[in-house]
Amino acid sequence: MIWPRRTYPVLISLEAITDLKQILQTDDYVEIGAAVPLSHIEDLLHGIFPSLDEMLHWFAARQIRNRATLGGNIGTASPIGDLPPVLLALDATLKLVSTEGDRSLPLADFFKGYRQTELKQGEIIHSVTIPKAIASGATKRLSQSYKIGKRGTDDISIVAAAFVIDLDADQKILHARLAYGGVAATPIRAIAVELMLVGQPWTIETVQSVKPALREVFTPLSDLRGSADYRKMLVGNLFEKFFVEHS
Amino acid sequence: MTQQVNPISVENFTFTLNGATSRVKDISPTTTLLHYLRQNGYVGTKEGCGDGDCGACTVTIIGKDSHGQPQYQAVNSCLVPIGAIAGREVITAEGIANGQLHPVQAAMVETAGSQCGYCTPGFIMSMFAAYYNGSLSNDICIEGNLCRCTGYVPIRKAAQQLAATIPDDHFSNELAQKTSDLAAIAYTNAQQQFYRPTELSEALQLLQQYPEATLVAVATDLVL
């Protein structure tokens with residue numbers, strides 16, 4: 001007798017569905033099928049979204065990236081999934097399909113609570129669309145992602161963060177996205193702080209002025225990986241690190 | 001009314017294990033490939049963490065590269081439900097020596113890359129896949145394998161000394177003829193059903209038929 005770890009009465013694997021394994025690239029966006037293995041995304045989309053490239057490098061190891069998928073990492077709705085913060089910061093949208101038809105949903109509206117999502121009974125995540133355009137009037141986009149874990153590779157994150165800042169020619173912030181994992185029941189954006197940043201100059205003074213708000217915007221838990229205080233500190237400090245690396 | 005799909009349920013399926021046909025029946029589709037191998041005497045594949053962290057259970061499967069061509073791929077057998085292996089080809093550490101050690105095994109012996117030996121089959125299978133993919137020069141090919149005694153320097157040296165070799169053996173020569181296309185499967189044992197449709201419409205209809213079904217892509221998370 002061989003015991004399985006967990007049993008499920010009915011399992012439906014989406015691994016063999018060609019429709020879910022396509023990557024479509026246009027001038028305006030990239031659409032990634034929910035069942036594309038991460039190692040294919042690494043290969044085919046390298047150089048388009050720096051924050052995605054960076055996080056894929058830290059996302060588990062080669063063996064897992066050969067199997068794991070974007071749709072799976074989103075659908076499992078872990079608060080510390082590595083890719084959702086990256087995709088939130090990039091304003092990704094999901095295409096959900098069912099026998100009733102298709103619908104499109106911003107990823108930001110997908111996560112409802114701990115391991116709970118907007119996916120309705122009968123729906124499947126079809127693909128993830130990431131827009132390429134930067135904000136209207138912007139001349140430059142800065143973006144990066146960070147993963148803090150107990151060790152560099154092969155570990156669950158304590159906090160993961162992804163940032164997108166669009167600047168105009170005068171270095172004024174036109175668009176800001178600060179997204180985090182490991183700080184709430186779901187992957188989440190610091191929307192209040194994003195709003196504070198828009199219109200401000202991209203300077204260390206601006207970054208430091210929002211750090212107190214960033215520290216308080218989430219109420220993370222303490223667990224064996226890190227205390228709530230440590231996580232709050234990371235939320236602010238990772239954004240400052242991003243500034244230091246991109247100014 | 002929802003149209004019933006009624007895919008033909010089977011109580012057994014086959015996959016290729018080290019070149020021979022292996023028939024799976026009477027076991028849960030969520031039994032891991034690792035446990036299946038070990039229960040069937042393929043104990044070269046080790047269980048370390050059982051969690052996808054350590055790489056001791058690494059085996060090679062034939063999958064597709066990003067351009068759709070057949071490719072040897074290292075995977076953690078502890079994170080693969082056996083149902084997902086239906087119709088696939090799996091290669092373990094027992095299956096790569098051909099009268100003499102495989103080049104990656106010989107290199108590990110030569111550089112003294114194995115001490116207690118527990119992590120070695122996993123390293124070997126990661127290096128085996130990388131040998132045929134031409135990615136041995138990149139440490140990423142062994143980033144998912146942990147060693148706690150010899151240290152990484154001799155293992156890395158083994159990988160590096162083969163990095164420039166262009167493989168020319170039956171594994172490299174037969175790869176182009178391999179199919180990595182997956183057929184539909186509907187495997188049933190006494191308690192569970194495992195469906196792997198090939199059409200989106202089939203998957204959606206299965207979901208209508210079994211509203212409580214659990215959807216997985218490849219189940220790296222779910223089998224934990």
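Cut-offs used in this document
- Residues numbered from 1 in each chain as written.
- Chains lettered and ligands numbered in written order.
- Predicted model: local features only at pLDDT ≥ 70, side-chain atom pairs only at ≥ 80, totals over all residues.
- Heavy atoms only, no water.
- Core = buried A, V, L, I, M, F, W, Y, C linked by side-chain atoms within 4.5 Å.
- Buried < 20%, exposed > 50% of the residue type's maximum accessible area, 1.4 Å probe, protein only.
- Helix = DSSP H or I, 4+ residues; strand = E, 2+ residues; numbered from the N terminus.
- Contact = heavy atoms within 4.5 Å.
- Disulfide = S-S within 2.5 Å.
- Pairing = 2+ DSSP bridges.

## Description of the nonpolar core
Residues and elements named next belong to chain A. Among the nonpolar cores identified, the biggest contains 42 residues, and Ile41, Leu70, Ile74, Leu83, Leu87, Phe110 and Ile130 are the most heavily contacted of them. Going through the elements one at a time, strand E3 (29-33), helix H1 (38-45), helix H2 (50-58), helix H4 (70-75), helix H5 (83-89), strand E4 (93-98), strand E8 (124-131) and strand E10 (157-167) are the ones with two or more residues in this core. The greatest single-element share of this core, amounting to 5 residues, is contributed by H5. The contact partners of Leu87, leaving out residues within four places of it in the chain, are Leu70, Ile74, Ala92, Leu107, Val128 and Ile130.

## Focus: the environment of Val86(A)
Its place among the elements puts Val86(A) in helix H5. Residues Val86(A) and Phe163(A) lie 77 residues apart in sequence; the distance between their C-alpha atoms is 7.6 Å.

## Here's the deal with the state of the cysteines
Residue and element names in this part refer to chain B. Going through the model one piece at a time under the given rule, you end up with 0 disulfides over all chains. No disulfide involves Cys57; its sulfur sits 3.7 Å from the nearest other cysteine sulfur, which is in Cys78. In this structure Cys57 comes out as buried when scored by relative accessible area, which is 4%.

## Observations concerning the pairing of strand E1 (residues 12-17) of chain B
Residue and element names in this part refer to chain B. Of the two faces of E1, only one is covered, namely that formed by Phe13, Phe15 and Leu17; the face formed by Asn12, Thr14 and Thr16 stays uncovered. Examined bridge by bridge, E1 and strand E2 (residues 20-25) share 6 bridges and lie antiparallel to one another. Paired with Asn12 across the bridge in E2 is Lys25. Sheet analysis places E1 next to strand E5 (residues 89-91), joined by 2 bridges and oriented parallel. Paired with Leu17 across the bridge in E5 is Val90.

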